[in-house]
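Commentary on secondary and tertiary structure
One-letter residues, chain by chain:
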Amino acid sequence: MSKEVAEFNGLVLARHNYRESDMLVKLMTDRFGKKMFMLHRARKPGFRMAAGFLPFTVGTYVGSINDNGLSFMTTVKDASQFQTISQDIELNAYATYLLSLIDEAFPDGEPIPRWYNQAQTSLKLIDDGLDPAVVTNITEVQLLQAFGVQPEWRGCVIDGRNDLPLDYSEQYGGVLCRDHWYLDRYRFHVLPKAMYLLRWFSVVDLTQLHSIQVSEATKKDLRRVLDRIYQDTVGVVPKAKRFLDQMHKWDQQLPPISTEEKPQSTD
Ligand SMILES: [Zn+2]
């Protein structure tokens, strides 16, 4: 099995205690995909690389990368933690979910430079104060392809039209224009604004995103649609997602700030 000592950039995905004083840390790297690193004596006081392996940390590392099995770390050249995320329980929950979703989408060891960049950009945007729900939705939409689901967002699955009102059909694997809504009585009845955003999310370049405002009603509908697509066709629900859902239930127990419109079904 080949093994190479290399310098690479990485992002901490998960940490697990191992044996008495060791730690296993999973990094998403820019060149080698996701790799599990064994850190000897990482839980002993004075471990000199500790700052490189905190949650929500990106860095430049030198280590020996094994094709199979565990890899090992030699040096942390540079590391920084997303501070706002690590100190805010809600942002923390969104970032954890987002990273675990990317983690589930790809096998370890498969180079995924695009997703390394996307994960880092997503965390930076959330850390900078962009709406974490929206940043998460964008990743959820763009990851569908990696999970083998490739909804047709561009236009009606039947005739390609995108100038009429559109709705999502699971049965047809994409959007249907109003003329073809009759084909699927279980179409999702997506709110027009949410439909517009879903189609935009499928193509938006996160690095070009600087601000975004989405109403609570639209965000709720985006959540409903993406939950259903993930439950029905992806079948992956990371543990971090359940925590996020639970947190939103606690929110709903607080008195409402404003009245929200309900998703409506219009035929
Ligand atoms: Zn049509």
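Residues numbered from 1 in each chain as written. Predicted model: local features only at pLDDT ≥ 70, side-chain atom pairs only at ≥ 80, totals over all residues. Heavy atoms only, no water.

1. Observations concerning the coordination of the zinc ion
- Around the zinc ion, the protein contributes the donor atoms Cys156 (SG), Asp159 (OD), Cys177 (SG) and His180 (ND1), at 2.1 to 2.4 Å from the metal centre.
- Viewed at the metal, the four donor atoms of the zinc ion are separated by angles of 83 to 126 degrees, and the geometry they form is irregular.
- Expressed as a motif, the donor residue spacing for the zinc ion is C-x2-D-x17-C-x2-H.
- By relative accessible area, Cys177 is classed as buried at 0%. (Donors = N, O, S within 2.8 Å, 3.2 Å for Na, K, Ca; no water. Tetrahedral: all angles 85-135°; square planar, octahedral: opposite > 155°, others 65-115°. Buried < 20%, exposed > 50% of the residue type's maximum accessible area, 1.4 Å probe, protein only.)

2. Points about the layout of surface pockets
- Estimated volume of the second largest pocket: approximately 370 Å³.
- As for the second largest pocket, its lining consists of 14 residues, of which Leu13, Ala14, Arg15, Thr96 and Ser100 are closest to the centre.
- Elements represented by at least two residues in the lining of the second largest pocket include exactly strand E1 (3-18), helix H2 (89-105) and helix H7 (239-252). (1 Å grid on protein atoms, 1.4 Å probe; cavity = no way out; pocket = protein on both sides within 12 Å on 5 of 7 lines; lining within 4 Å. Points joined across faces, edges and corners; volume = space filled by probe spheres on them. Helix = DSSP H or I, 4+ residues; strand = E, 2+ residues; numbered from the N terminus.)

3. Side note on the UniProt feature "domain: DNA replication/recombination mediator RecO N-terminal" (unreviewed entry) in the protein
- On the UniProt side, "domain: DNA replication/recombination mediator RecO N-terminal" (unreviewed entry) is annotated at positions that read residues 7-80 here.
- The span residues 7-80 carries 0% helix and 62% strand; its end-to-end C-alpha distance comes to 16 Å. (UniProt positions renumbered as here; feature names shortened; annotations may be inferred.)

4. Some words on the pairing of strand E6 (residues 166-169)
- Neither face of E6 is open: one carries Leu166 and Tyr168, the other Asp167 and Ser169, and all of them are buried.
- Bridge analysis of E6 against strand E7 (residues 174-177) gives four bridges, and the strand direction is antiparallel. In the strand pairing of E7, Asp167 is matched with Leu176.
- In this antiparallel pair of consecutive strands, E6 and E7, the connection spans four residues, and Gly173 shows a positive phi of 65 degrees. (Pairing = 2+ DSSP bridges.)

5. With respect to the nonpolar core
- Within the largest apolar cluster, 67 residues are counted, with the highest numbers of intra-cluster contacts made by Leu143 and Trp153.
- The dominant element in this core, judged by the number of residues it contributes, is H2, at ten residues.
- Here this core gathers at least three residues from each of two domains, domain 1 (3-85) and domain 2 (130-252).
- Counting residues in hydrophobic clusters, the runner-up holds 16 residues, among them Leu27, Phe32, Leu39 and Tyr61. (Core = buried A, V, L, I, M, F, W, Y, C linked by side-chain atoms within 4.5 Å. Domains from an automatic or database assignment.)

6. Some words on the domain arrangement of the protein
- As assigned here, the protein comprises domain 1 (3-85) and domain 2 (130-252).
- One C-alpha centre belongs to domain 1, the other to domain 2, and the line joining them spans 34 Å.

7. Here we look at helix H3 (residues 113-127)
- Taking 1.5 Å of rise per residue, the 15 residues of H3 would be expected to cover 21 Å, and the 21 Å separating its terminal C-alpha atoms lies within 8% of that figure.
- Of the positions making up H3, those classed as buried are Trp115, Tyr116, Gln118, Ala119, Thr121, Ser122, Leu123, Leu125, Ile126 and Asp127.
- Considering only its buried residues, H3 is in contact with E1, strand E2 (22-29), helix H1 (83-87), H2 and helix H4 (132-143). (Expected span 1.5 Å × (residues − 1). Contact = heavy atoms within 4.5 Å.)

8. Points about the sheet that holds strand E3 (residues 34-39)
- In spatial order, the strands read E1-E2-E3-E5-E4; together these five strands close into a barrel with mixed pairing. Strand-to-strand twist across the sheet, computed as the mean angle between neighbouring axes with direction ignored, equals 50 degrees.
- Contacting E1, E2 and E3, H2 crosses the sheet at an angle of about 120 degrees to E1.
- Contacts from H3 reach E1, E2 and strand E4 (57-66) within the one sheet, and its direction differs from that of E1 by about 50 degrees. (Axes fitted to C-alpha atoms, helices over the stretch in contact; angles between N-to-C directions.)

9. Side note on unusual backbone geometry
- For Arg41, which is not glycine, the phi torsion reads 60 degrees and is therefore positive.
- Note that Arg41 resides in the loop between E3 and E4.
- Residue Arg41 is classed as exposed on the basis of its relative accessible area, which comes to 52%.
- A positive phi is found at His189, a non-glycine position, where the angle reads about 55 degrees.
- Along the chain, His189 falls in the loop between E7 and helix H5 (192-201).
- Take His189: its relative accessible area is 22%, and that puts it in the partly exposed class.

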